[in-house]
Amino acid sequence: MHLAVHDKDGEKGALIDEHIAFAKRAEAAKLDFLFKADYLMAHPELMAKTKGTVGLDPSFLLATVARETKQIGLVTTISTSFTPPYLIARQLQSLNWISGGRVGWNIVTSIDGAYNFSNEPMPSSEERYAKAAECTKIVKQLWHSHPYEMLETDGDIEKIKELMKPINHEGEFFHIKGPLNIPMHPAGEMPLFQAGASDVGRQFAAAVSNAIFAATPAMEVGIEMRNDLRKRAVNVGRTADDIRLLPGLYFFIGDTYEEALDMYHHAHAHLTLERRYDALESVIGLNVRHMALHDPVTVDMLPPENQKVRSRTHAKLVRRYIMENEPSVEGLLARPEVIGSAHLVAIGTSHDIVDQIVTFYEKGALDGFIAVPGGPAKSLDLFFSDVIPMLVERGLFRAEYEGSTLRSHLGLNMQLSNK
């Protein structure tokens with residue numbers, strides 16, 4: 001089982017030293033990697049809960065963390081919609097050298113923020129993924145255009161010219177000569193991650209990613225998605241085990257279930273009824289303000305599926321929940337797919353959380369998870385002090401690192417050649 005943690009900014013903000021302390025704690029627990037998301041626009045709600053560190057470039061932050069840690073993987077986020085591939089390749093390879101081969105790239109196409117880069121509207125999902133596929137291909141070619149063996153040439157210019165080859169890429173979105181000006185780290189290609197769950201997103205992930213961050217709030221959603229990704233991977237010439245499903249596990253842990261549930265309610269107390277209505281309209285365009293809270297939300301009330309929405313992934317999850325459950329308005333407005341990011345929510349004691357993780361793993365609903373801390377500090381303390389040791393005891397997680405690169409943590413073979 002793979003286990004990583006999302007470095008979220010705390011409710012009262014997180015200074016750089018606190019990010020470093022968090023990373024060291026995760027490393028002491030032998031987690032696979034620390035994951036940092038990114039935002040290319042100002043989010044007032046996030047800024048209200050922090051001292052401003054939510055806007056830090058994740059790659060720069062992880063470069064600082066890299067010098068204070070030794071083994072834990074570091075997964076940064078870079079958008080292919082707004083960042084040129086040469087810059088992506090250079091930044092990631094720089095961070096890989098700084099960290100000693102511990103870097104992974106979370107490939108995102110972004111769903112908003114276009115107005116911060118040009119006057120053009122946000123491209124369609126299909127166009128963004130087509131651009132992402134071409135960009136990712138170029139980044140990998142650039143990494144291989146400057147092989148590690150170049151460092152062993154002893155300054156032989158002819159040998160250097162022989163090893164460093166331009167890529168001369170001419171595509172739909174990019175025209176790039178190369179080669180890259182930084183050699184590939186001996187750890188090999190950096191592991192690739194992706195988070196899109198739409199049809200086009202899944203196909204992209206199955207073709208290029210080593211793991212996919214998923215929004216799977218229910219077991220059947222995880223099982224379906226994992227099986228689908230594995231089939232798609234085989235269909236594009238990979239093996240089923242080449243891609244892993246790592247859902248977010250949004251946890252609230254207490255000494256009792258009641259205490260944990262209290263943590264969950266407190267964490268969402270700021271979400272007024274009006275904001276929940278707004279969230280539902282934003283996700284699937286459904287207005288239920290005229291209905292009583294006890295009224296059922298039925299399938300025939302769903303708006304057209306082809307309407308423009310902010311995130312197809314979240315829209316699909318909410319539509320599925322309504323079709324399968326026909327919940328009350330109140331119940332729907334409390335769902336994580338509506339008020340959060342559709343993570344798998346885990347509420348209870350440490351034993352409850354472990355049992356839930358093990359059940360999902362054994363049923364084939366996940367290959368591991370990204371821990372997303374929820375609630376007060378006590379919840380995170382119990383995760384590190386109780387949950388992880390229990391997973392080790394059950395033989396599902398490591399007691400010690402077996403290597404010092406992210407590829408080794410993920411069980412990936414060395415890959416220095418460009419296949």
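Shown above is the structure to which this text applies.
Source: prediction; values computed, not measured.

About the cut-offs
Residues numbered from 1 in each chain as written. Predicted model: local features only at pLDDT ≥ 70, side-chain atom pairs only at ≥ 80, totals over all residues. Heavy atoms only, no water. Helix = DSSP H or I, 4+ residues; strand = E, 2+ residues; numbered from the N terminus. Rg over C-alpha atoms; globule rule 2.2 N^0.38 Å. Buried < 20%, exposed > 50% of the residue type's maximum accessible area, 1.4 Å probe, protein only. Contact = heavy atoms within 4.5 Å. Lys, Arg positive; Asp, Glu negative; His and termini not counted. Charge placed at Lys NZ, Arg CZ, Asp CG, Glu CD. Salt bridge = Lys/Arg side-chain N within 4 Å of Asp/Glu carboxyl O. Core = buried A, V, L, I, M, F, W, Y, C linked by side-chain atoms within 4.5 Å. Right-handed = clockwise from strand over helix to strand, strands pointing away. Pairing = 2+ DSSP bridges. Axes fitted to C-alpha atoms, helices over the stretch in contact; angles between N-to-C directions. Parallel < 35°, antiparallel > 145°, perpendicular 65-115°, else oblique. Left-handed = near helix turned anticlockwise from the far one by under 90°. Nonpolar A, V, L, I, M, F, W, Y, C, P; charged D, E, K, R; others polar. Phe/Tyr/Trp six-rings, centres within 6.5 Å; stacked < 30°, edge-to-face > 60°.

Per the secondary structure count, the chain includes 16 helices and 11 strands. Taken over C-alpha atoms, the radius of gyration comes to 22 Å for the chain, in line with the 22 Å a tight globule of 419 residues would show. Expressed as lengths along the three principal axes of its C-alpha atoms, the size of the chain is roughly 75 × 50 × 45 Å. Across the 419 residues that make up the chain, the buried fraction comes to 53%. Across the chain, every contact between residues at least 6 apart in sequence was considered, and the portion connecting residues at least 24 apart equals 75%. Taken as two groups, the 43 positive and 54 negative side-chain charges of the chain have centres that lie 4 Å from each other.

This part takes up the pattern of salt bridges. Oppositely charged side chains can pair when the atoms bearing their charge come close. Taken as a whole, this structure holds 19 salt bridges when the rule is applied. K378 is paired through a salt bridge with D255; the nearest N and O atoms lie 2.6 Å apart. Here the residue K378 occupies a position in helix 15 (residues 377-393), and D255 occupies one in the loop between strand 9 (244-253) and helix 9 (257-267), the gap between them amounting to 123 residues. Residue class for D255 comes out exposed when judged on its relative accessible area of 51%. In this structure, the salt-bridge partner of E259 is K378, at a minimum N-O distance of 2.9 Å. Taken together, the residues span a long stretch of sequence, with E259 in helix 9 and K378 in helix 15 at a distance of 119 residues. On the accessibility criterion, E259 (26% relative accessible area) is partly exposed. Residues participating in the shared-partner salt-bridge network are D199, R202, E224, D228 and R232.

For residues that are not glycine, phi is negative in most cases, and the peptide bond is trans in most cases. A cis amide bond links G178 with the next residue in sequence, P179, at an omega value of 0°. Tracing the chain through its elements places P179 in the loop between strand 6 (175-176) and strand 7 (192-194). In this structure, K30 takes a positive phi of about 65° despite not being glycine. Of note, K30 is situated in the loop between helix 1 (16-28) and strand 2 (33-35). Of note in this structure, E326 is not a glycine but carries a positive phi near 40°. You can see E326 is positioned in the loop between helix 11 (312-325) and helix 12 (329-333). When its relative accessible area of 39% is taken as the criterion, E326 is described as partly exposed.

Nonpolar side chains tend to gather and get buried jointly when the protein is soluble and globular. In terms of nonpolar packing, the biggest core is built from 64 residues, with L31, L34, W105, W143, F369, F383 and L391 touching the most fellow members. Looking at this core element by element, the count peaks at eight residues for helix 15. In this structure L34 touches V5, D7, F22, A23, L62, V65, I72, G73, L74 and V75, once residues within four positions along its chain are discounted. Judged by nonpolar contacts, the second largest core, of 28 residues, contains F252, Y277, V288 and L302.

With five of six residues buried, strand 4 (residues 103-108) lies mostly within the body of the structure. Chirality of the crossover, the property in question, places the unit of strand 3 (residues 73-79), helix 4 (residues 85-99) and strand 4 among those that are right-handed. Where strand 4 meets strand 7, three bridges bridge the pair, whose relative direction is parallel. Counterpart to N106 in the pairing with strand 7 is F193.

For the pair helix 1 and helix 3 (residues 58-66), the least separation of the axes is 10 Å and the interaxial angle reads 60°. Compared by their axis directions, helix 1 and helix 3 come out oblique. Here helix 1 runs over helix 3; the crossing is right-handed. The residues of helix 3 that touch helix 1, namely those facing I16, H19, I20 and A23, are L61, T64 and V65. Looking at the contact of helix 1 with helix 3, its residues break down into five nonpolar, two polar and no charged.

Right, let's talk about the packing of helix 1 against helix 15 for a bit. It is at 10 Å that the axes of helix 1 and helix 15 come closest, and there the two elements cross at 30°. Comparing the axis directions of helix 1 and helix 15 gives the class roughly parallel. Between helix 1 and helix 15 lies a crossing whose hand is left-handed. Between helix 1, through F22, R25 and A26, and helix 15, the contact on the second element is made entirely by L380, D381 and F384. Of the residues that constitute the contact of helix 1 with helix 15, the class distribution is four nonpolar, no polar and two charged.

So, on to the environment of E152. Here E152 lies in the loop between helix 5 (125-145) and helix 6 (157-163). Among the residues examined, E152 registers a relative accessible area of 54% and is labelled exposed.

To continue, consider the packing of aromatic side chains. Under the criterion given, the structure shown has 11 aromatic pairs. Ring centres 5.7 Å apart and planes at 55° place the aromatic pair Y129 and F204 in the tilted group. Placement of the pair is Y129 in helix 5 and F204 in helix 7 (residues 199-208), with a sequence separation of 75 residues. Taking relative accessible area as the criterion, Y129 reaches 9% and is therefore assigned buried.

These figures come from the coordinates and say nothing about function on their own.
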